[in-house]
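Chain by chain, the residues:
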Amino acid sequence: MKITIVAGARPNFIKIAPIIKAIEKKQKDGANISYRLVHTGQHYDKNLSDTFFEELNIPHPNANLEVKSGSQSVQTAAIMIAFEQELLQNPCDLVLVVGDVNSTMACAVVAKKLNIKVTHVEAGIRSGDMTMPEEINRIVTDSITDYFFTTSTWAGENLLKYGAEPSTVHFVGNVMIDTLYQNLNRIAAPSFWNEFKLETGNYIILTLHRPANVDEEKSLINLLEGIDKMVGDKKIIFPIHPRTKAILGETNLELKNILFVEPQGYLNFMYLIKNSFAVITDSGGISEETTVLGIPCFTMRNNTERPETQTIGTNTLVGTSIENLEKIFGEFLVNGPRKAGIPELWDGKASERIIDILLSKK
Ligand code: UDP
C-alpha cells in the first residue's frame, strides 16, 4: 500500500509525526506499506515548520509545494494546482490528510478527482460555526472521504448524520495525544525560563491567532490590556503567532504582566504548558493537550469542535469578550480547578490503530 501523507501547517506536523512512526514500525515488521510525505508549504516560517520536523524527528518531506500565504481561495487553489501535478507524477493508493486546514481540504479534493482513496484523520468534528474556514474545510473533506478516523464517538455520530457508511468510520483516539505521550520525557524549559523567573504553577500561557480575536487591532489591544490586568501579579507568557504579530505591528503596548516571546518549538511549548498555572487560548489543539495534562484551559471562542475537552477535560469556553473572561477566570481563582478526566482512547495508540485498520482494508 502506497500512501501519500499531506501536511501543511503547524498542527498538521504534530499530527503526522506519530502516523509516520507507526508506518515505519509496520515496515520493519515486514508489512507492505510505504509513504511519501508532501509538505504543501502553507506554513513556512522556521518556527512554525522546520522546528517541528527537527524536534519531532519527522523525515524531510519528499516534496514541498511551497504555496506560502494568500487569501483563502488563492492559497487553496495554489495547493490544488501543485498537488495535482504531485499526484500525477507520483501515483499512490491512498492520500491521507489530517486536521482542518486549507491543505487538508484542497488535497482531499484533488485526490478524490483522480480516483484515489482519501483518508481523513480527525474526521467528524464540527463547531457549527460556518464563519470559520476550518469548519468549511472539515465539511468538504468529510463529504468525499473514504476512510474516517475519529477522536470521539460524537465525531463519528456527526459523520453518520451526514450520511457516512458506518463501516468506514473508525473511532481510534487522538494522534495529537500520541505525539504528546511520545515526547513527554523530552520536553524542556525554554531559554527564558530563568530570565523571566518562571516557576512551576506561577505563570499563565496565552495564545491567540483566530481571526475573530486578532484581526481587529483595537479589540485585540483591548483584550490584551484586559488579560494583563486580570491576573494579579502572575506573569503571562505570550508566544505570538505571526498573524497576531502582523496585526499589532509596531504598536506600543504598556503591559505589566504579558511577556511576548516567539512561537515556541514543540518541546519548549509543552514544557511551558505542563508547568503552567492555567492557559488562555483560542487554539483547538491546545485544549486537547491541556486536557491530557490536567491544566485548566480557558478558550476564547463561542464554540468548540472538541466538546469532550469541556465535558470531560479541563477546557472552559469563555466567548470572545474580556468581560466574560474576567468573570469566569475570577470564579476559577476563587474556586480552583474543577475535576476533569481524559477522553476515551486518548492513550497514545491512535496512530497504530489507524495503520492497522488501513492495512486491513487492502
Ligand atoms: N504550539 C507550539 N508552540 C506554540 C504554540 C502552539 O508548539 O508556540 C502547538 C500546540 O501545542 C498545539 C499546536 O501547536 O499542538 C496547535 O497549533 P495551533 O494553535 O496553530 O492550531 P489549532 O489547534 O488552533 O488548529
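As a reminder, the structure under discussion sits directly above these lines.
Residues numbered from 1 in each chain as written. Predicted model: local features only at pLDDT ≥ 70, side-chain atom pairs only at ≥ 80, totals over all residues. Heavy atoms only, no water.

J.: Whenever I open this one, the pairing of strand 5 (residues 117–121) confuses me. Can you help?
T.: Within a regular strand, the side chains alternate between the two sheet faces. A large share of strand 5 lies buried, amounting to 4 of its 5 residues. Here strand 4 (residues 94–98) pairs with strand 5 via 5 bridges, running parallel. Among the inter-strand pairings, valine 98 is bridged to a residue of strand 5, identified as valine 121. As a crossover connection, the stretch from strand 4 through helix 4 (residues 102–113) into strand 5 is right-handed. Examined bridge by bridge, strand 5 and strand 6 (residues 147–150) share 3 bridges and lie parallel to one another. Across the sheet, the residue bridging to threonine 119 is tyrosine 147, located in strand 6. The parallel pair strand 5 and strand 6 is bridged by helix 5 (residues 133–143), and the resulting crossover is right-handed. (Buried < 20%, exposed > 50% of the residue type's maximum accessible area, 1.4 Å probe, protein only. Helix = DSSP H or I, 4+ residues; strand = E, 2+ residues; numbered from the N terminus. Pairing = 2+ DSSP bridges. Right-handed = clockwise from strand over helix to strand, strands pointing away.)

J.: What's the story with the sheet that holds strand 8 (residues 203–207) in this structure? I'm lost.
T.: The pairing of strands in a sheet comes from backbone hydrogen bonds and takes either a parallel or an antiparallel form. An order of 10-9-8-11-12-13 is seen for the 6 strands of this open sheet, with the pairing classed as parallel. Single-partner strands in this sheet number two, and they are strand 10 (258–261) and strand 13 (315–317). Each neighbouring strand pair of the sheet contributes to a mean axis angle of 20 degrees, computed without reference to strand direction. With 4 bridges joining them, strand 9 (residues 235–239) and strand 10 adopt parallel strand pairing. Pairing of phenylalanine 238 across the sheet is with phenylalanine 260, part of strand 10. (Axes fitted to C-alpha atoms, helices over the stretch in contact; angles between N-to-C directions.)

J.: What am I meant to see in the packing of aromatic side chains here?
T.: In this description, an aromatic ring pair is defined by two values, namely the gap between the centres and the angle between the planes. Per the stated rule, a full pass over the model turns up 9 aromatic pairs. For the ring pair phenylalanine 277 and phenylalanine 332, a centre distance of 5.5 Å and an interplane angle of 45 degrees mean the geometry is tilted. Residue phenylalanine 277 is located in the loop between helix 12 (266–274) and strand 11 (278–281), and its partner phenylalanine 332 is located in helix 15 (residues 322–335); the two are separated by 55 residues in the primary sequence. Owing to a relative accessible area of 9%, phenylalanine 332 belongs among the buried residues under this scheme. Seen in terms of ring centroids, phenylalanine 298 and phenylalanine 332 are 5.0 Å apart; in terms of plane orientation they differ by 55 degrees. Their pairing is tilted. Of this pair, phenylalanine 298 sits in strand 12 (residues 297–299) while phenylalanine 332 sits in helix 15, placing them 34 residues apart in sequence. Take phenylalanine 298 and phenylalanine 332: they sit in the same class, and that class is buried. Across the ring face of tyrosine 44, the terminal group of lysine 68 is positioned such that the distance to the ring centre comes to 5.2 Å. (Phe/Tyr/Trp six-rings, centres within 6.5 Å; stacked < 30°, edge-to-face > 60°. Lys NZ or Arg CZ within 6 Å of the ring centre and 35° of its normal.)

J.: Just to check I follow, could you spell out the packing of helix 3 (residues 72–89) against helix 4 for this structure?
T.: Between two packed helices, both the angle of their axes relative to each other and the distance between the axes serve to describe the pair. For the pair helix 3 and helix 4, the least separation of the axes is 9 Å and the interaxial angle reads 45 degrees. Considered as vectors, helix 3 and helix 4 are oriented oblique to each other. Of the two elements, helix 3 crosses helix 4, and the hand of that crossing is right-handed. The segment helix 3 lies against helix 4, with Gln72, Gln75, Thr76, Ile79, Met80, Phe83, Glu84 and Leu87 engaging Asn102, Ser103, Met105, Ala106, Cys107, Val109, Val110 and Ala111. Split into classes, the residues belonging to the contact of helix 3 with helix 4 amount to 10 nonpolar, 5 polar and 1 charged. (Parallel < 35°, antiparallel > 145°, perpendicular 65-115°, else oblique. Left-handed = near helix turned anticlockwise from the far one by under 90°. Contact = heavy atoms within 4.5 Å. Nonpolar A, V, L, I, M, F, W, Y, C, P; charged D, E, K, R; others polar.)

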